[in-house]
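Next come the chains, spelled out residue by residue.
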Amino acid sequence: MGGFSAASAAERCAVGIHTSPSSPVSHPRSRRQQQPAPPVRRRRLAAPLAVSRRSLLVPHAVAASTDRASPEVRTLPPPPSARKRLDGLLTSLPFLSCRAQAVGRFNLESNSELQVTVNAAPQGAIAEINFEATNTSGSLVLHWGALRPDRGEWLLPSRRPDGTTTFKNQALRTPFVKSGDNSTLRVEIDDPAVQAIEFLLFDEARNKWFKNNGQNFLIQLPTSRNQGQGASGATAVPEDLVQIQSYLRWERNGKQSYTSDQEKVEYEAARAELTEELNRGVPLEKLRARLTETPESSERDAPASKTTATKELEKRASKQEKKKKKYSVERIQRKNRDITQLLNKHKPGVTKEQVQAAPKQPTVLDLFTKSLQEGDDCDVLSRKLFKIGDKEILAIATKALGKTRVHLATNDAEPLILHWALAKKAGEWEAPPSSIAPSGSTLLDKACETSFVESELDGLQYQVVEIELDDDGYKGMPFVLRHGETWIKNNDSDFYLDFKTKVTKKAKVIDTGDAGKGTAKAFLERIADLEEDAQRSFMHRFNIAADLVDQARDAGLLGIVGLFVWIRFMSTRQLIWNKNYNVKPREISKAQDRFTDDLENMYKSYPQYREILRMILSAVGRGGEGDVGQRIRDEILVIQRNNDCKGGMMEEWHQKLHNNTSPDDVVICQAIIDYIKSDFDISVYWDTLNKNGINKERLLSYDRAIHSEPKFRSDQKEGLLRDLGNYMRSLKAVHSGADLESAIATCMGYKSEGEGFMVGVQINPVKGLSSGFPELLQFVLDHVEDKSAEPLLEGLLEARVELRPLLIESSERLKDLIFLDIALDSTFRTAVERSYEELNDAAPEKIMYFIGLVLENLALSTDDNEDILYCLKGWNQAMEMVKQKDDQWALYAKACLDRTRLALASKGEQYYNMMQPSAEYLGSLLNVDEWAVDIFTEEIIRGGSAATLSALLNRFDPVLRNVAHLGSWQVISPVEVTGYVVVVDKLLSVQNKSYDKPTILMAKSVKGEEEIPDGVVGVITPDMPDVLSHVSVRARNCKVLFATCFDPNTLSELQGHEGKVFSFKTTSADVTYREITESELMQSSSANAQAGEAIASLSLVKKKFLGKYAISAEDFTEEMVGAKSRNIAYLKGKVPSWVGIPTSVAIPFGTFEKVLSDDTNKEVAQNIQMLKGRLAQDDFSALGEMRKTVLDLTAPTQLVTELKEKMLSSGMPWPGDESDQRWEQAWMAIKKVWASKWNERAYFSTRKVKLDHDYLSMSVLVQEIVNADYAFVIHTTNPSSGDSSEIYAEVVKGLGETLVGAYPGRAMSFVCKKDDLDSPKVLGYPSKPIGLFIKRSIIFRSDSNGEDLEGYAGAGLYDRLVNFFHETRFTHMLKNSFSITAKECACFSVPMDEEDQVVLDYTTDALITDSGFRSSILSSIARAGHAIEELYGSPQDVEGVVKDGKIYVVQTRPQM
């Protein structure tokens, strides 16, 4: 896969027809389409005898039609297989004389054909191209232009057929002449420099473009008309010069990887270029002198007098030829590895101590700032903190009551004099008017001197000067300090306070207490204090950053994040890079090296921070000691000297580089290279700059501004490309952290190359690399530009996996290895994005393979990657299922896709919670543009592998849904409704709201534990809550439409109709909708009036304590316990023997009230009574306090005695027998169940149905936990279709809390016909990433007299409560419209012990992988449900578990 071959290519026919690939065509939905601009040729054509890199257009090829032409053309090599077929064709064609005709025939449509004939005219004569299209309309047009080697764009010849028009000055349009069923056209070319014409066909009547297999047609004209005596008479070019020219072409084209056929094309193109020069009269010796950089000499002496440059070029060409042979493989062979070897479990967490760490003791300057900000209507215009030794001086400009004031305060105890002035423009010193000089000041010629006055705040001493200005025309205040005869300056510069109004977010939120919440606040404020000094130069910034590394580490994760946010703001040009300070490049690179060394050391010692540290390093250049930076300064002089370009833009850039080099210089260098390669097209220069964030204003903003544009001569081209290419290595060595070539060179080692560049530089290879690693990296470099990205992606991943052990083991030169890994990761993402077009029509297996590659790459960049790796294993299993022709593969792959999306969403949420608060607070302190702050985390996510993966999933989702016959909708609650469309972000945020008219919510997020708001008749969401989740059951009970829409276009369309009235109709698998009028809404069916309304008022009977603290199952009656307990007791002995029923006891109704009335709990009772009073006044913050107060109850001795006796007599273990601490755990669980009476859902649900909340009574069902393999919920009538002949069930791995609680992902779902219970049908595979598991323990379940009210069965008032006692957070969430998570507001069951959360690997789960086992378990579950339904004689909602293949039922209730 080398760059070129020195072997001579076979002779080629002088007449050829070519095509050039073009971009894919997009198809807007609108049927009315404007006619787009077709492509314009932008690259120069190779010389006449060369075989162009564009693929040949073979006669009889199919010319595919399209609705419009592509807007862009990219020249790419053809596939090797196509090239081989074309080579075979060419060798079979007879050679043509000068006047021969070449005929091409192309199918346009099924009955239409294009024939092309070229008349090869003698030298200087007119060439004719004849076109004939058969069976066409009379509106066919030739859209065309000519190609010349000296022009990059299409040439529009002056000799044109009649009727020709110009299209946007970029192309010609010539109509065909209709003759019978055919259309004909003749084009004449009289310009001998024209070598080819390029064209498309356009049928104006049908608005249809015809292209050649998606490419432009290209016809190369006979070479004899523009080659003097023709090929046979041309001067032969010496092979050594052809070899050198082909090597130079290869370097100029970016050292791309060519197939052997492409090498021949390139070699002959090089020969043709030289032949053309000879035919124009350039002497051979002059040609040799240019190529070898030697003085002209006679031809016979040339071979014997090769210079050093000649030998070097030939040596490099020969070396490349050898390299080609060594790396000729088309793709690497990846090693077989266990994916779990890539597992990382480093979970960066934020401890409570880190978030709530005591703030630093406020200094006197902090107190002074606070005193100013607390003033009435005081806005802080600007604030600067300057260091003066170990002391500080604070300068603040404020505006209050229309007056602008300047305040200067210092903690320096020495007597100081302020020497100051005012400025209306930068650099100006103007003495202030005497009217504003503070008392005792001395006015000088251009300044004023004012003594500081001693003052005190909270016992702390400081000095202050206050100045009130009377003129808003002043822009700032320059000043210095004087102590006696000693002048104090700002690092040899004047201090300066800018008055420009910059109202910061900090000033706005100073009194709310929310500023800086969720951040390392003190650390961020320290960064803000140092920013002024950091703006002086990159040297200052990186040295300051190095000084801050230890402080960031001590602040924990949020400190590291704060450092990253600051560096990211810098790298995205949100902060000033350089201001009035000259610094040598070597000083910048030394500071970078110091900073990155500190990051490297932290990377070694703190693996939980590696992901964030990688992000910091990727935003910072590598830096380096010694002459690494100095080369930037020296080598620009070499470029100017070698290429005679010492003035103009190059001199301005030279001055900037000497003054302050920056990452912008990498972009500028690339822009100059692109400009030269485009044959000096200045628009290309600006395009490169603009795409990388540099415009004219930024060039002018440098301390050494760049005013001019580059301008070079054509004879400077080769030398500039060579020298700038070498110079780019030096720039990237300092500034780029993700450049692949420089990263590889640094790790693999290199020596100096090129006179004047990297002189004397020798980098040794990193030790410890595997023996085949250099070859692997060479493979990557050889394929980095390949159109087909798959082999490159495999090579990049293999390289990253090989690197991983060294990155973990903290190897020598770890920093260089990290930068190499970052570069490999960056190149991978770029290659994937480039391959999207390749995947447009790819088979599902290939798309899944690409998804697997991207997942592996993401796992290699993630600290906690367990879930990602199990997603990857799932995709690998899906591909295996395809190979085995398993008809369930698409359904299983859909679950993998859903889980992968959840992993990405979780990653995005983690990043947002971790980074965004720091971005917002630091952004407010540094006055960063608000838009840059708002999208901070979003841009981080977009720039990573997660965004690339998300794009692939979005492409694949509709493919899977189609194969699995899933459609675009999942209907959870099928109800026909009409209402007004309202868009909300989260259903949770509006669950307590009441809508005064029928409303259909478009909710972007639904977790599964929310309530349906009053007035809502429908909920449409892209989320996928379980069909048996709380919100799903509630929707069905309340006759509310509830459906998941998987089509983003449909969702977007519906969201665009916000405020309009729509009607929705459903089947079990589809939803139809239409817009209606408000009058139609009034006339709609009465069902809509019932849907979403509050349930009619119900009544509760208050339960009394009947003298028993604990009872066994035989005593479960309506007066003692709720229906949950009674049902489980009823099942005992009545269900089939193979269905287990767990042993149960209960704490009956009234026990809570009895305990509360006990003398030991008087204080608790008083507090609860007081809190009830607050609730009566709608102070809902009392709910959280109520729950917390319940936890203070003390257990009466009699309760402990009776509960122990009942549990032991029922065969259950007594926790107190293990230890007193175990009993306390059980008692706390009981109290949590009681406390759940005051959770938000229960309280507001009772208000909604007008129930007296005091009448709610709570019994507690006590059961021994079955340590389940699986948990399930059964509805014995299919809830989606209402089919009573069909059982519907959902199954999860582990405990059932992940099914009935708000855990993300979908359960396995299946249906089973009651007359065929041995044939369950899987509807969906599981995508829940988490399973809950627990050791032998006791669980305490709520069982109230309100759970079985009409409309509540199957989704009672009480669900699981965890963390409700985190009062600070809970109260804060209450203040925000009750935006709390379901896990925090619900209580269903409380285990005595904490469950273990396990990340699930479904590829090792027999329920997924073993079809026989799956069928057996699912059939058993269905049979259990059917047996219980027959026992009760009505549809049932059944919960249970599976342990070692045995079915256990833990509760049942009527299905609503």
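Above this text sits the structure in question.
Residues numbered from 1 in each chain as written. Predicted model: local features only at pLDDT ≥ 70, side-chain atom pairs only at ≥ 80, totals over all residues. Heavy atoms only, no water.

1. What to know about the packing of aromatic side chains
Part 1 of the argument: Tallied over the full model, the rule gives 32 aromatic pairs.
Part 2 of the argument: Judged by centre distance (6.1 Å) and plane angle (80°), the ring pair of F386 and F479 falls under edge-to-face. Placement of the pair is F386 in strand β14 (residues 379-388) and F479 in strand β22 (residues 476-483), with a sequence separation of 93 residues. Accessibility assignment for this pair places F386 and F479 in one class, buried. (Phe/Tyr/Trp six-rings, centres within 6.5 Å; stacked < 30°, edge-to-face > 60°. Helix = DSSP H or I, 4+ residues; strand = E, 2+ residues; numbered from the N terminus. Buried < 20%, exposed > 50% of the residue type's maximum accessible area, 1.4 Å probe, protein only.)

2. Remarks on the nonpolar core
Part 1 of the argument: With 161 residues, the main nonpolar core has W566, F595, I616, W875, M915 and I1421 as its most contacted residues.
Part 2 of the argument: Among the elements that take part in this core, helix α26 (residues 889-926) stands out by supplying 18 residues, more than any other.
Part 3 of the argument: Beyond its immediate stretch of four places on either side in the chain, W875 contacts M848, I851, L855, A893, C896, L897, T900, L953, F956 and L960. (Core = buried A, V, L, I, M, F, W, Y, C linked by side-chain atoms within 4.5 Å. Contact = heavy atoms within 4.5 Å.)

3. Digging into the pairing of strand β19 (residues 448-451)
Part 1 of the argument: Where strand β17 (residues 417-420) and β19 come together, 4 bridges link them in antiparallel fashion. Considered in β19, the bridge of W420 is made with C448.
Part 2 of the argument: Note: strand β18 (residues 442-443) against β19, 2 bridges, orientation antiparallel. Note that in β19 the partner of L443 across the bridge is C448.
Part 3 of the argument: Connecting β18 to the antiparallel partner β19 that follows it, the hairpin turn spans 4 residues. (Pairing = 2+ DSSP bridges.)

4. Describing unusual backbone geometry
Part 1 of the argument: If you check the backbone angles, D679 has positive phi at about 60° while not being a glycine.
Part 2 of the argument: As for its placement among the helices and strands, D679 is situated in the loop between α16 (664-677) and α17 (682-691).
Part 3 of the argument: For D679, a relative accessible area of 26% translates into the label partly exposed.
Part 4 of the argument: Of note in the backbone geometry, F680 takes a positive phi value of approximately 65° without being a glycine.
Part 5 of the argument: Assignment of secondary structure puts F680 in the loop between α16 and α17.

5. Re the side chain of Q916
Part 1 of the argument: Topologically, Q916 is positioned in helix α26.
Part 2 of the argument: Since its relative accessible area comes to 2%, Q916 is described here as buried.

6. Structural notes on the pairing of strand β11 (residues 196-203)
Part 1 of the argument: In terms of residue burial, β11 counts as a mostly covered element, since 8 of its 8 residues are buried.
Part 2 of the argument: Residue alternation in β11 divides its side chains into two sets, A196, E198, L200 and F202 and I197, F199, L201 and D203, and both sets are buried.
Part 3 of the argument: Here β11 pairs with strand β12 (residues 208-210) via 3 bridges, running antiparallel. Looking across to β12, one finds that D203 is bridged to K208.
Part 4 of the argument: Between the antiparallel neighbours β11 and β12 lie 4 residues, among them N207 with a positive phi of about 50°.

7. Notes on the packing of helix α9 (residues 521-534) against helix α10 (residues 538-554)
Part 1 of the argument: Interhelical geometry of α9 versus α10 gives an angle of 165° and a closest axis separation of 10 Å. The angle between the axes of α9 and α10 places the two elements in the roughly antiparallel class. Of the two possible hands of crossing, α9 and α10 adopt the one that is right-handed. Along the contact surface, α9 presents F523, R526, I527, L530, E531, D533 and A534, while α10 presents H540, R541, I544, L548, Q551 and A552.
Part 2 of the argument: Taken together, the residues of the contact of α9 with α10 break down into 7 nonpolar, 2 polar and 4 charged. (Axes fitted to C-alpha atoms, helices over the stretch in contact; angles between N-to-C directions. Parallel < 35°, antiparallel > 145°, perpendicular 65-115°, else oblique. Left-handed = near helix turned anticlockwise from the far one by under 90°. Nonpolar A, V, L, I, M, F, W, Y, C, P; charged D, E, K, R; others polar.)

8. As for the sheet that holds strand β40 (residues 1308-1313)
Part 1 of the argument: Within the open sheet, the 7 strands sit side by side as β35-β47-β46-β38-β39-β40-β41. Their pairing is mixed. Of all strands in the sheet, those bounded by a partner on one side alone are β35 (1139-1140) and β41 (1321-1324).

9. Regarding the sheet that holds strand β21 (residues 460-469)
Part 1 of the argument: Spatially, the 5 strands line up as an open sheet ordered β14-β15-β16-β21-β20, and their pairing is antiparallel. Looking at strand neighbours, the two that pair on one side only are β14 and β20 (453-457), the edges of this open sheet. The mean inter-strand angle of the sheet, taken between neighbouring strand axes irrespective of direction, is 30°.
Part 2 of the argument: Relative to β21, β20 runs antiparallel, the two sharing 5 bridges. Residue pairing across strands places E454 opposite Q463, the latter belonging to β21.
Part 3 of the argument: Against the sheet, helix α7 (residues 364-373) makes contact with β14, β15 (391-400), β16 (403-410), β20 and β21, and its axis sits at roughly 40° relative to β21, the strand it touches most.
Part 4 of the argument: Against the sheet, α9 makes contact with β14 and β15, and its axis sits at roughly 75° relative to β14, the strand it touches most.

These figures come from the coordinates and say nothing about function on their own.
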